[in-house]
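Below are the chains, spelled out letter by letter.
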Amino acid sequence: MLPFLLLASRAEDAAAEDEYAAYLKYGGLDPSGLRRIRLEAAPLPELDLASYSGVIVGGSPFTSSDPPEHKTPTQHRVERELADLLDELVARDFPFLGACYGVGTLGTHQGAVIDRTYGEPLGAAEIELTDAGLEDPVLSGMPRRFTAFTGHKEACTVLPPHAVLLAGSADCPVQMFRIRKNLYATQFHPELDAEGLCTRIDIYRHAGYFPPESAEDLMESARRFTVTEPMNILKNFVARYAQ
């Protein structure tokens, strides 16, 4: 099988390793089946897409809709590299799955309005599939409503006119969409179970995402939920596009 490619951008080693382990676990992959490139560490090397089954973009500390003057040189570089890559991915309708940061990157690339209107705090959300979502092969076998973990400053307020809305929620109308036939973005995290979210809360407790003193309460709240359905997206994506 040709490997999948995970493009990561978490600078904290513990967070990066936990994310990679989650994609391996819930994608049903071993390390030979999922190559990882950490974009925050070095420029993106030249890629031969013929060597990969698909591309996955993980979550990120970067916020696409921030004013340019508030972005670091590393963020500007990563955004340029992803935009150039998306030029090719979209033109070829190449399998792509972007989780959380994927909405900001794929959405911005395709002309969506990405802003802070529908940001969500860390925690569980009830996601509802649209009729198109129920028919989409990457969402095959999933119920119309399921629980997923979210946590993001920005979201998609207006979809590109050619995008297909696959899922939404009460607090964030665009939770998942598709471009062409094979490019997907989710606002929720399909790789996160309760312990995974607790790990990130612990790692990022002093990063400004939430008051540090609320970390234990957030972890206790996360452990009240059994989140299993979103991971089927990773399983379905891998099964559909593995070459």
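Labelled according to an unreviewed UniProt entry, the protein chain appears under the name Glutamine amidotransferase, originating from Pseudarthrobacter siccitolerans.

Caption draft 1: The arrangement of helix H2 (residues 73-92) in detail. For H2, spanning 20 residues, the distance from its first C-alpha to its last is 29 Å, which sits close to the expected 28 Å at 1.5 Å a residue. Within the span of H2, buried status applies to Gln 75, Arg 77, Val 78, Glu 79, Glu 81, Leu 82, Leu 85, Leu 86, Leu 89 and Val 90. Residues of H2 that are buried sit in contact with strand E1 (4-8), strand E3 (54-57), strand E4 (96-99), helix H3 (101-109) and strand E11 (183-186). A positive phi of about 50° marks Asp 93, the residue just after H2.

Caption draft 2: Broad picture of the nonpolar core. Ranked by internal contacts, the top residues of the largest apolar core, which has 31 residues, are Leu 7, Val 55, Leu 89, Phe 96, Leu 106 and Phe 177. Where this core is concerned, the elements lending two or more residues are E1, E3, H2, H3, strand E10 (176-179) and E11. Per element, the largest residue contribution to this core is six residues, and it comes from H2. Not counting chain neighbours up to four residues away, the residues in contact with Leu 106 comprise Leu 86, Val 90, Phe 96, Phe 177, Ile 179, Leu 183, Tyr 184 and Ala 185. One finds Tyr 23, Ile 127, Ala 148 and Leu 166 within the second-largest nonpolar core, a separate group that totals 28 residues.

Caption draft 3: The arrangement of the UniProt feature "domain: Glutamine amidotransferase" (unreviewed entry) in the protein chain in detail. As recorded in UniProt, the sites labelled "domain: Glutamine amidotransferase" (unreviewed entry) are residues 49-192. Structurally, residues 49-192 comprises 24% helix and 32% strand, and the distance from its first C-alpha atom to its last is 27 Å.

Caption draft 4: Focus on the environment of Leu 97. Relative to the helices and strands, Leu 97 is located in strand E4. Under the relative-accessibility criterion, Leu 97 is labelled buried at 0%. Residues Leu 97 and Cys 198, spaced 101 residues apart in sequence, show a C-alpha to C-alpha distance of 23 Å. Beyond its immediate chain neighbours, meaning those up to four positions away, Leu 97 contacts Val 55, Ile 56, Val 57, Tyr 184, Thr 186, Ile 233, Leu 234 and Phe 237.

Caption draft 5: Geometry of helix H1 (residues 13-27). If you check H1, its first and last C-alpha atoms are 21 Å apart, about what 15 residues at 1.5 Å a residue would give, namely 21 Å. If you check which residues of H1 are buried, you get Ala 15, Ala 16, Glu 19, Tyr 20, Ala 22, Tyr 23, Leu 24 and Gly 27. Looking at the buried residues of H1, the elements they touch are E1, strand E2 (34-38), E3, E4, helix H5 (194-203) and helix H7 (231-241). In the segment just after H1, Gly 28 is the residue with positive phi, at about 65°.

Caption draft 6: Structural view of the layout of surface pockets. Computed from the structure, the largest pocket encloses a volume of approximately 520 Å³. Taken together, the elements giving at least two residues each to the lining of the largest pocket come down to strand E6 (120-129), strand E7 (145-152) and H5. Its residues assigned to classes, the lining of the largest pocket shows 13 nonpolar, seven polar and five charged.

Caption draft 7: The arrangement of the sheet that holds E11 in detail. Taken together, the nine strands give an open sheet; going across it, the order is E2-E1-E3-E4-E11-E10-E9-E6-E7, and neighbouring strands pair in mixed fashion. Across the chains shown, the open sheet's two edge strands, defined by having one partner strand only, are E2 and E7. Averaged over all neighbouring strand pairs, the angle between strand axes comes to 25°, with direction disregarded. Across five bridges, E1 lies against E2 in parallel orientation. The residue bridging Ala 8 from the neighbouring strand is Arg 38, located in E2.

Caption draft 8: Structural view of the pattern of salt bridges. Evaluated as defined, the whole model comprises 16 salt bridges. A salt bridge links Arg 10 to Glu 19; the nearest nitrogen and oxygen atoms lie 3.2 Å apart. Across the salt bridge formed by Arg 200 and Glu 191, the nearest N and O atoms sit 2.9 Å from each other. In this structure, Arg 200 and Glu 191 share a single accessibility class: buried. Shared partners join several salt bridges into a network, and the residues in it are Asp 13, Arg 38 and Glu 40.

Caption draft 9: Representation of the pairing of E6. In terms of strand pairing, E6 meets E7 through seven bridges, oriented antiparallel. By the bridge assignment for E7, Ala 124 is matched with Phe 149. In this structure, E6 lies alongside strand E9 (residues 164-168), joined through two bridges in antiparallel fashion. Among the inter-strand pairings, Glu 128 is bridged to a residue of E9, identified as Gly 168.

Basis of the calculations
Residues numbered from 1 in each chain as written. Predicted model: local features only at pLDDT ≥ 70, side-chain atom pairs only at ≥ 80, totals over all residues. Heavy atoms only, no water. Helix = DSSP H or I, 4+ residues; strand = E, 2+ residues; numbered from the N terminus. Expected span 1.5 Å × (residues − 1). Buried < 20%, exposed > 50% of the residue type's maximum accessible area, 1.4 Å probe, protein only. Contact = heavy atoms within 4.5 Å. Core = buried A, V, L, I, M, F, W, Y, C linked by side-chain atoms within 4.5 Å. UniProt positions renumbered as here; feature names shortened; annotations may be inferred. 1 Å grid on protein atoms, 1.4 Å probe; cavity = no way out; pocket = protein on both sides within 12 Å on 5 of 7 lines; lining within 4 Å. Points joined across faces, edges and corners; volume = space filled by probe spheres on them. Nonpolar A, V, L, I, M, F, W, Y, C, P; charged D, E, K, R; others polar. Pairing = 2+ DSSP bridges. Axes fitted to C-alpha atoms, helices over the stretch in contact; angles between N-to-C directions. Salt bridge = Lys/Arg side-chain N within 4 Å of Asp/Glu carboxyl O.

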